[in-house]
Amino acid sequence: MGRYSNAVVGGVIVGAGVALLVAFWSGWIDILPYTSQVGGQPEAQEASAAPNSVKLTPEKLASAEIHLTTVARTSVQPTRPVPAEIEYDLEKRVPVNAPVEGVVLKVLIDPAQEVHKGQPLAVLSCPEIGVARDLVEKRRADLEQARREETRAIDVSKHVDELLGLLMQKPKLSEVETALDRRMLGEYREKIIGEYSRLLLAEHVVEASRTLEGGPLPGRLMEQRKAETEQARARFTGACESARFNAVQDRERAKAEEDRADRLLSVAQQALKNLLGPWAAMEEVSDPDHLNDLKLLAPIDGRVVERQAVQNARVDAAAPLFVVANTSVMWARAEIHERDWRSLDFLKQGAQLDIRVPALRNEVLTAKIRWVGAQVEVVKRSVPLTAELPNDDDRLKPGMFVWALIPLDKPHEALVVPAGAIMRHENQPFVFVPDGERQFRRVDVELGLETNEQIEITSGLAAGDTVVDRGTFFLKSELLLEREE
């Protein structure tokens, strides 16, 4: 009987359970969670009535350092950060190499030292430079000699013209010598004066013979003397013409030699300049003990960022000695890949580009685009971009990693708030707005375009509203504490 009773009871329990399940599945009954009530209100309703505002005590308000800002409409542009690297401005980073083989006599600067353009960096001794300087001095001496020869030829030509003009007046020899005293004539003095004196003698003989004409002097002899006079005049005239022509030729020849000597000096100087290179001092050295010395000069104003020069070390031609760089302007180099090629429509030379620097607490700097590549790099499948950044405070260093914020679309007007005004809780963005004295209310918003400094608001706020943009985390913490309480 006991076993029969237990079986009946078990069957009843199982049947009741099955009946309850069928009733639940059919919707005949509903199971509600247990809710306790305090003051006649369920806990679920109490949770939905959680506070959305927080009121601070004067002490907390002071420590929160609350700052308010006004919501406004402004122009925003969607961007994408692409990795970039800070480099030297290649036009302001100049390597200084040894122009020829030699020995470093002195190093005049230290690494990282500020230098000015033209400041000596080092002194080298190079025999090849000494040979080139010696040739320059020889060519300079040849030029001086050629100039003296030209001056002499010019004076002789001038004096020959004066002499010929004087002799046309048929002066006496004594008067000619007086007029030509200390005048440079060279070989033309003897030729012209000699022929002129023989002409005077022949004319004097003829004049003397005329007084004897009809006398004992035969007429044939008289004719002979006249012929000799004409011959003397012809020789004198020929001497004058020849002297005038030869004097001009000598002057032109001397001028040509002077020009040639000048050209040879220029060639020697250019050869020396080529040996010295663009950053060595082109100076005259008269001391034979220092004829091989050359000074390397700073090519630009800047800083010595690299120094390989070591005193008393032998260096080969083109060996690197210094690198001088001006870091007042730096370059940001980036690569624009295929997915961002649409941004090339907005990346034009001279346009502004924002650069975010993680090493400077994500500070955003404004750069100017220097150039954008004209073709796609085959291996990387990218287009190079170079922008220049002012660096007067010397905060940017070569090799520093930065983000280039390249634009993806045209700018548009939008309602924005500072990025510090946005808080999030359970994936819901919200802001705090002032709601009475020392009281702030949470307002849920929907976001649009987000940048590092400002965020677009698509709903929840209107232009002219006031929001908290500093101290928001403090307010969020206080609000969550009040909800827990």
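Whatever comes next refers back to the structure up there.
Every chain is numbered independently, its residues counted from 1 as its sequence is written. In keeping with the model being predicted, local features are shown solely for residues with a pLDDT of at least 70 and side-chain atom pairs are shown and tallied solely at 80 or more, while totals for entire chains, interfaces and linings include all residues. Excluded from the side-chain calculation are hydrogens and water; included are all heavy atoms of the structure.

### Points about the packing of helix α4 (residues 127-167) against helix α6 (residues 187-210)
Lines fitted to C-alpha atoms define the axes, with helix axes restricted to the stretch in contact, and inter-axis angles between N-to-C directions lie between 0 and 180 degrees. A run of DSSP states H or I qualifies as a helix once it reaches four residues; a run of E qualifies as a strand once it reaches two. Both are numbered from the N-terminal end. In the contact formed by α4 and α6, the axes pass within 11 Å of each other and the chain directions differ by 10 degrees. When the axis of α4 is compared with that of α6, the two are roughly parallel. Judged by residue contacts, Val156, Val160, Leu163, Leu164 and Leu167 of α4 engage Tyr188, Ile192, Ile193 and Tyr196 from α6. Ten residue types, Ala, Val, Leu, Ile, Met, Phe, Trp, Tyr, Cys and Pro, are classed as nonpolar, four, Asp, Glu, Lys and Arg, as charged, and the remainder, Gly among them, as polar. Along the lines of polarity and charge, the residues of the contact of α4 with α6 split into nine nonpolar, no polar and no charged. Comment on the angle field: the value is read as roughly parallel under 35 degrees, roughly antiparallel over 145, roughly perpendicular from 65 to 115, and oblique elsewhere. We call two residues contacting when some pair of their heavy atoms lies within 4.5 Å.

### A few points about the packing of aromatic side chains
By convention, a stacked pair of Phe, Tyr or Trp rings (six-membered ring in the case of Trp) has centres within 6.5 Å and planes under 30 degrees apart, an edge-to-face pair has planes over 60 apart, and any other such pair is tilted. Applying the stated criterion across every chain, the model contains four aromatic pairs. Arranged with centres 5.4 Å apart and planes meeting at 50 degrees, the rings of tyrosine 196 and phenylalanine 236 form a pair that is tilted. Placement of the pair is tyrosine 196 in helix α6 and phenylalanine 236 in helix α7 (residues 219-276), with a sequence separation of 40 residues. Categorising residues by exposure relies on relative accessible area from a 1.4 Å probe, with only protein chains included: less than 20% of the type maximum marks a residue as buried, more than 50% marks it as exposed, and the intermediate range marks it as partly exposed. With relative accessibility at 0%, the residue tyrosine 196 sits in the buried group. Seen in terms of ring centroids, tryptophan 331 and tryptophan 371 are 5.1 Å apart; in terms of plane orientation they differ by 80 degrees. Their pairing is edge-to-face.

### Description of the environment of arginine 438
Here arginine 438 is to be found in the loop between β22 (428-434) and β23 (439-444). For arginine 438, a relative accessible area of 26% corresponds to the partly exposed category. Each C-alpha atom, one on arginine 438 and one on proline 58, is 7.5 Å from the other, the two residues being 380 residues apart in sequence. The contacts of arginine 438, once residues within four sequence positions are left out, are Val54, Lys55, Leu56, Thr57, Pro58 and Leu61.

### Quick word on the sheet that holds strand β13 (residues 314-315)
A pair of strands is labelled paired if DSSP reports no fewer than 2 bridges between them. Read from one edge to the other, the open sheet built from four strands follows the order β11-β10-β8-β13, with strand pairing classed as antiparallel. Whereas interior strands pair on both sides, the edge strands pair on one side only; in this sheet they are β11 (293-297) and β13. Pairing analysis gives four bridges linking strand β8 (residues 102-107) to strand β10 (residues 120-125), with the strands arranged antiparallel. Paired with valine 107 across the two strands is alanine 122, which belongs to β10.

### Some details on the layout of surface pockets
If you add up the space inside the largest pocket, you get close to 430 Å³. Put simply, the grid is 1 Å and covers the protein atoms alone, a cavity is a trapped set of points that fit a 1.4 Å probe, a pocket is an open set with protein on both sides within 12 Å along at least five of seven lines, and lining residues have an atom within 4 Å of a point. Lining the largest pocket we find 18 residues, and of these Gln77, Thr79, Asp354, Leu405 and Thr451 sit closest to its centre. For the lining of the largest pocket, the secondary structure elements donating two or more residues are β5 (72-76), β16 (352-357), β17 (363-372) and β19 (401-407). Per-class residue counts for the lining of the largest pocket are eight nonpolar, eight polar and two charged. Grid points are joined across faces, edges and corners, and a volume is the space filled by probe spheres set on the points.

### Side note on the pattern of salt bridges
Within this document, salt bridges are pairs made up of a side-chain nitrogen of Lys or Arg and a carboxyl oxygen of Asp or Glu, the two lying within 4 Å of each other. Counted according to the given criterion, the structure contains 34 salt bridges. Of the charged contacts, one joins arginine 381 and glutamate 338 as a salt bridge, the two residues approaching to 3.2 Å between their closest N and O atoms. Of this pair, arginine 381 sits in the loop between β17 and β18 (382-390) while glutamate 338 is found in the loop between β15 (329-337) and β16, placing the two residues 43 residues apart along the sequence. A relative accessible area of 44% means that glutamate 338 is categorised as partly exposed. Here lysine 368 makes a salt bridge to glutamate 388, at a shortest N to O gap of 3.7 Å. Here the residue lysine 368 occupies a position in strand β17, and glutamate 388 occupies one in strand β18, the gap between them amounting to 20 residues. Linked by salt bridges that have partners in common, Asp89, Glu91, Lys368, Arg370 and Glu388 make up one network.

### Looking at the nonpolar core
Among the nonpolar cores identified, the biggest contains 34 residues, and Leu121, Leu124, Ile129, Leu294, Leu321 and Phe322 are the most heavily contacted of them. Elements with a minimum of two residues in this core: β7 (93-97), β10, α4, α7, β11 and β14 (320-325). It is α7 that contributes the most residues to this core, six residues altogether. Those residues within four positions of leucine 124 in sequence are excluded, and the remaining contacts are Ala98, Val103, Val104, Leu105, Asn292, Asp293, Leu294, Leu296, Val315 and Leu321. Only buried Ala, Val, Leu, Ile, Met, Phe, Trp, Tyr and Cys residues count toward a nonpolar core, and they belong to the same one when joined by side-chain atoms within 4.5 Å.

### Some remarks on the sheet that holds β5
Pairing between the strands of a sheet is mediated by backbone hydrogen bonds and can be parallel or antiparallel. Strand order in the open sheet formed by four strands is β5-β20-β25-β24, and the pairing between neighbours is antiparallel. Looking along the sheet, the strands with just one partner apiece sit at the ends: β5 and β24 (446-450). Neighbouring strand axes in the sheet, compared pairwise and without regard to direction, differ in orientation by 55 degrees on average. Pairing of β5 with strand β20 (residues 412-418), which is carried by five bridges, proceeds in the antiparallel orientation. Bridge pairing in β20 links serine 75 to glutamate 413.

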